[in-house]
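Results of the structural survey
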Amino acid sequence: MTNFLIYDAKVAVLIIVFYMFYRLMLSCETFHRVNRVVLLLTAVASFVLPLCVITLHKTVRMEAVPTVSVSDLQMEVAADAGPVWWQMLLPLIFIIGVVATLGHTLTSILKVWLLIRRSEQHLQPDGTIVCVTGNAEVSPFSWMHYIVMNRSDYEEHNAAILAHERGHIRLRHSWDLLLVDLLTALQWFNPAMWMLRQDLRTIHEYEADGEVLSQGINARQYQYLLISKASGIGGYSIANGISHSTLKNRITMMLHKKSNRSSLLKLLALIPIVGLALALNARTVTDYVYDEPQKQQPVKKGKKAGTIKVNGQEIKVVGSLAGLKP
């Protein structure tokens, strides 16, 4: 478990670095689709890069095999006699956080599913299903291929609301939220992960707003509609809905001048970040090669002349060797 916590700490550092890159370089640009992809890919890459270990081999020649004394082994065993208290406490705290975060996500999914089950459902020609609930406090939101709204909003037949929620469905924003919520469960202690999650939801709203305006709906009237419909979505955190927290930024972004395509060159800054992450995660393995001592070849007593072999080489013997000991 300790190794996994070390891995998760590396992931946390990468998420912070990638998120800082997004906030400094891309957050003010109008490339909403690009920003969405960058946030998702960097979040996933943060979990993948620590697993990509580049191994470098270094060979060292040694004259003799090192010896290890019994006392050294005894000291090593004593050092590993038992885990310190934090090695037992940290995994427990981490698991509690993961369970709590996943529990919150599952509770949200269950609440949305129950609301859909109890709603009056109307199948639309495009395959989406409009779920009409009797709860007047529910603000319009979407989940997978469902659009949920109260009866008053449904009877208005407001084209802008339907276009907005269909935009969320067509762009498959619910799958983004599921993925990020799963990653957040493993990074529940990391503030950057929660901010990334919130920024991704804001980008979803920018994209859905773009879908509405692309259909020729008046921007000012649509902004007034957002102000009148904005509210909390009652604990359905897994769903896309209109909320006050993103409303100001959304109206500002609608009035924002479109970014120049040359701004996309900022994405090149990701290359050195990825390269540095791989370099810092690289490791060097030292291969020790031990030289074997040369073995002396016995020489028979009394041999006068000839050749002997030493380590595969022939050496010519001249004269008597009677005085040598074998």
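Residues numbered from 1 in each chain as written. Predicted model: local features only at pLDDT ≥ 70, side-chain atom pairs only at ≥ 80, totals over all residues. Heavy atoms only, no water.

The next thing to look at is the packing of aromatic side chains. Using the criterion set out here, one finds 5 aromatic pairs in the structure. Ring geometry for Phe4 against Tyr7: centres 5.8 Å apart, planes inclined by 45°, an arrangement best described as tilted. Of this pair, Phe4 and Tyr7 are both found in helix H1 (residues 2-25), 3 residues apart, which corresponds to roughly one turn of the helix. Accessibility expressed as a relative area gives 32% for Phe4, which makes it partly exposed. The class for Tyr7 is buried, based on a relative accessible area of 16%. Members of the aromatic cluster, each reached through a chain of ring pairs, are Phe4, Tyr7, Phe94, Trp188 and Phe189. (Phe/Tyr/Trp six-rings, centres within 6.5 Å; stacked < 30°, edge-to-face > 60°. Helix = DSSP H or I, 4+ residues; strand = E, 2+ residues; numbered from the N terminus. Buried < 20%, exposed > 50% of the residue type's maximum accessible area, 1.4 Å probe, protein only.)

What follows concerns the sheet that holds strand S6 (residues 240-241). The 5 strands lie next to each other as S2-S3-S5-S4-S6, forming an open sheet whose pairing is mixed. At either end of the open sheet lies a strand with only one pairing partner, and these are strand S2 (120-123) and S6. Bridge count for strand S4 (residues 141-143) against S6 is 2 bridges, and the pairing is antiparallel. By the bridge assignment, Ser142 is partnered in S6 with Asn240. (Pairing = 2+ DSSP bridges.)

The subject of this paragraph is the pattern of salt bridges. On inspection of all chains with the given rule, the structure shows 11 salt bridges. The shortest N-O distance in the salt bridge between Arg33 and Glu207 comes to 2.6 Å. In this pair, Arg33 is assigned in helix H2 (residues 32-48) and Glu207 in helix H8 (residues 191-213), connecting sequence segments 174 residues apart. With relative accessibility at 45%, the residue Arg33 sits in the partly exposed group. For Arg250, the salt bridge goes to Glu205, with nearest N and O atoms at 3.3 Å. Note that Arg250 is positioned in helix H10 (residues 244-255) and Glu205 in helix H8, a separation of 45 residues in sequence. Neither residue differs from the other here; Arg250 and Glu205 are each classed as buried. A single network of salt bridges, built from pairs that share partners, joins Arg33, Arg36, Asp176 and Glu207. (Salt bridge = Lys/Arg side-chain N within 4 Å of Asp/Glu carboxyl O.)

With that settled, the discussion passes to the side chain of His173. Positionally, His173 belongs in helix H7 (residues 173-186). For His173, a relative accessible area of 0% corresponds to the buried category. Side-chain polar atoms of His173 contact the side chain of His168, separated by 2.8 Å. Setting aside anything within four residues of it in sequence, one finds His173 in contact with Arg36, Gly167, His168, His204, Glu207 and Asn240. (Polar contact = N/O pair within 3.5 Å; in protein donor to acceptor, adjacent residues only side chain to side chain. Contact = heavy atoms within 4.5 Å.)

Looking now at the layout of surface pockets. Put simply, the largest pocket is a space of about 550 Å³. Looking at the largest pocket, it is lined by 20 residues, and the ones nearest its centre are Thr30, His32, Tyr206, Gly210 and Lys258. Elements with a contribution of two residues or more to the lining of the largest pocket: H2, H8 and H10. The element best represented in the lining of the largest pocket is H8, accounting for 6 residues. Grouping the amino acids of the lining of the largest pocket by side-chain chemistry returns 8 nonpolar, 5 polar and 7 charged. Reported here for the second largest pocket is a volume of approximately 290 Å³. (1 Å grid on protein atoms, 1.4 Å probe; cavity = no way out; pocket = protein on both sides within 12 Å on 5 of 7 lines; lining within 4 Å. Points joined across faces, edges and corners; volume = space filled by probe spheres on them. Nonpolar A, V, L, I, M, F, W, Y, C, P; charged D, E, K, R; others polar.)

Attention now goes to unusual backbone geometry. Positive phi outside glycine occurs at Met144, with the angle close to 50°. Even without being glycine, Arg172 reaches a positive phi, approximately 60°. Within the fold, Arg172 resides in the loop between helix H6 (159-170) and H7.

Extensive coverage of strand S3 (residues 129-133) is indicated by the burial of 5 of its 5 residues. Of the two faces of S3, the one holding Ile129, Cys131 and Thr133 and the one holding Val130 and Val132 are both buried throughout. Relative to S3, S2 runs antiparallel, the two sharing 4 bridges. From the neighbouring strand, Leu123 faces S3, where its bridge partner is Ile129. Linking two consecutive strands that pair antiparallel, namely S2 and S3, is a turn of 5 residues; a positive phi of about 95° is found at Gly127 within it.

Residues Val84, Trp85, Trp86, Leu89, Leu90, Leu92, Ile93 and Ile96 make up a contiguous nonpolar surface patch of roughly 790 Å² in combined accessible area. Position of Val84 among the secondary structure elements: in the loop between helix H3 (70-79) and helix H4 (85-117). (Patch = residues over 30% accessible without salt bridge, like charges linked within 9 Å, V, L, I, M, F, W, Y side chains within 5 Å. Areas by Shrake-Rupley, 256 points an atom, 1.4 Å probe, with all protein chains shown as cover.)

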